[in-house]
Amino acid sequence: MEYRRITSVADPLFSQVHKLLSEVFPPEEVLEYSLWKEPLEDPGIRVFAAVHEGAVVGTTEYRYYADWNVAMTDFTIIGREGLGVGRFLAQSRLKDLQRLAAGNGQELFGMFAEIYDPYRVEHAFGGIKPMDPFVRREVLSHLGYKRLDFPYVHPSWQGDGEAVSGLDLCFMPGNEDLKQIEASLVADFLTRYYAVLADKPEAWTSMVGQLKSRDTVALLPL
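For the structure given in this document, a descriptive report is provided here. (Residues numbered from 1 in each chain as written. Predicted model: local features only at pLDDT ≥ 70, side-chain atom pairs only at ≥ 80, totals over all residues. Heavy atoms only, no water.)

Some words on the sheet that holds strand S4 (residues 70–78)
Logical step 1: The strand order S1-S2-S3-S4-S5-S9-S6-S11-S10 describes an open sheet built from 9 strands, whose pairing is mixed. For this open sheet the edge positions go to strand S1 (2–5) and strand S10 (180–182), each flanked by a neighbour on one side alone. Within this sheet the neighbouring strands show an average axis-to-axis angle of 30°, counted without direction.
Logical step 2: Sheet topology places strand S3 (residues 55–65) next to S4; 8 bridges connect them, and they run antiparallel. Following the sheet pairing, Gly 58 is matched in S4 by Ile 78.
Logical step 3: Lying over the sheet, helix H5 (residues 183–193) contacts S3, S4, strand S5 (110–116), strand S6 (146–148), strand S9 (167–173), S10 and strand S11 (216–220), oriented at roughly 60° with respect to S10. (Pairing = 2+ DSSP bridges. Helix = DSSP H or I, 4+ residues; strand = E, 2+ residues; numbered from the N terminus. Axes fitted to C-alpha atoms, helices over the stretch in contact; angles between N-to-C directions. Contact = heavy atoms within 4.5 Å.)

Points about helix H6 (residues 202–212)
Logical step 1: Among all positions in H6, only Trp 204, Met 207, Val 208 and Leu 211 are buried. Taken around the axis of H6, the buried residues stretch over an arc of 95°, which confines them to a single face. Along H6, exposed side chains directed more than 90 degrees from the buried face belong to Glu 202 and Lys 212.
Logical step 2: Of the surrounding secondary structure, the elements contacted by the buried residues of H6 are strand S7 (154–155), H5 and S11. (Buried < 20%, exposed > 50% of the residue type's maximum accessible area, 1.4 Å probe, protein only. Arc of directions from axis to C-beta.)

Considerations on the pattern of salt bridges
Logical step 1: Per the stated rule, a full pass over the model turns up 9 salt bridges.
Logical step 2: Across the pair Asp 74 and Arg 63 runs a salt bridge whose closest N-O atoms are separated by 2.9 Å. Of this pair, Asp 74 sits in strand S4 while Arg 63 sits in strand S3; the two residues are 11 residues apart in sequence, bridging distant segments of the chain. The pair Asp 74 / Arg 63 is uniform in exposure class, with both members buried.
Logical step 3: Each of Arg 46, Asp 96 and Arg 99 takes part in one network of salt bridges that share partners. (Salt bridge = Lys/Arg side-chain N within 4 Å of Asp/Glu carboxyl O.)

Examining the side chain of Glu 114
Logical step 1: Assignment of secondary structure puts Glu 114 in strand S5.
Logical step 2: For Glu 114, the side chain forms a polar contact with the side chain of Tyr 194, separated by 2.5 Å.
Logical step 3: When neighbours within four sequence positions are excluded, Glu 114 is seen to be in contact with Met 72, Tyr 152, His 154, Leu 167, Asp 168, Leu 169 and Tyr 194. (Polar contact = N/O pair within 3.5 Å; in protein donor to acceptor, adjacent residues only side chain to side chain.)

Quick look at helix H4 (residues 133–143)
Logical step 1: For H4, every residue scored as buried is listed here: Pro 133, Arg 136, Arg 137 and Leu 140. All buried residues of H4 project into a common sector of 100° when viewed along the axis, lining one side.
Logical step 2: Against the buried residues of H4 lie S4, S5, S6 and S9.
Logical step 3: Count one or two residues on from H4 and you reach Gly 144, which has phi positive near 115°.

Right, dumping it as structure tokens:
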């Protein structure tokens, strides 16, 4: 299996990646095809495909923020079972991030991720069994992700200013004994991450304001 980076909408692999995105995630979570041009060309946004026998069988997007020494996993999709795609993507991504952190003279502090809570909101995820939200949540817990202790919403990626709920913002600390992180880091990260969306819902703005008034946010079991 190959770990291939995609940096252009013209890459033939990208159409397969976007098809997977559209099959797995609800519409408000998926950026329209043509709007991917700039993100893919952005050196700070890393989109990789797991390629098996010429076909995309999984994909992941993530970012590394050198000034905070943290990463964000935008998405991870397992498109075919029985190939070990999930572990391949997780291990390849971690090695890449560790290399980036080492180039920054540090060990990776941790990684954010938005994780669906299927106990609150039901999503079909395109009928792809490895993407079942109950399974994914447990797997991500096994990987070391912890739930950040605050009610979470995010702006819709459709750019309509709607608040999207039914997810938790989580963090996988490099030190598994870490019990909390600074609330200012969470607020600053969210502000930068969603800067690309001009229309923010009031619920999101209020949430970020509340984070700025706190000192720390606890890391709870997922």
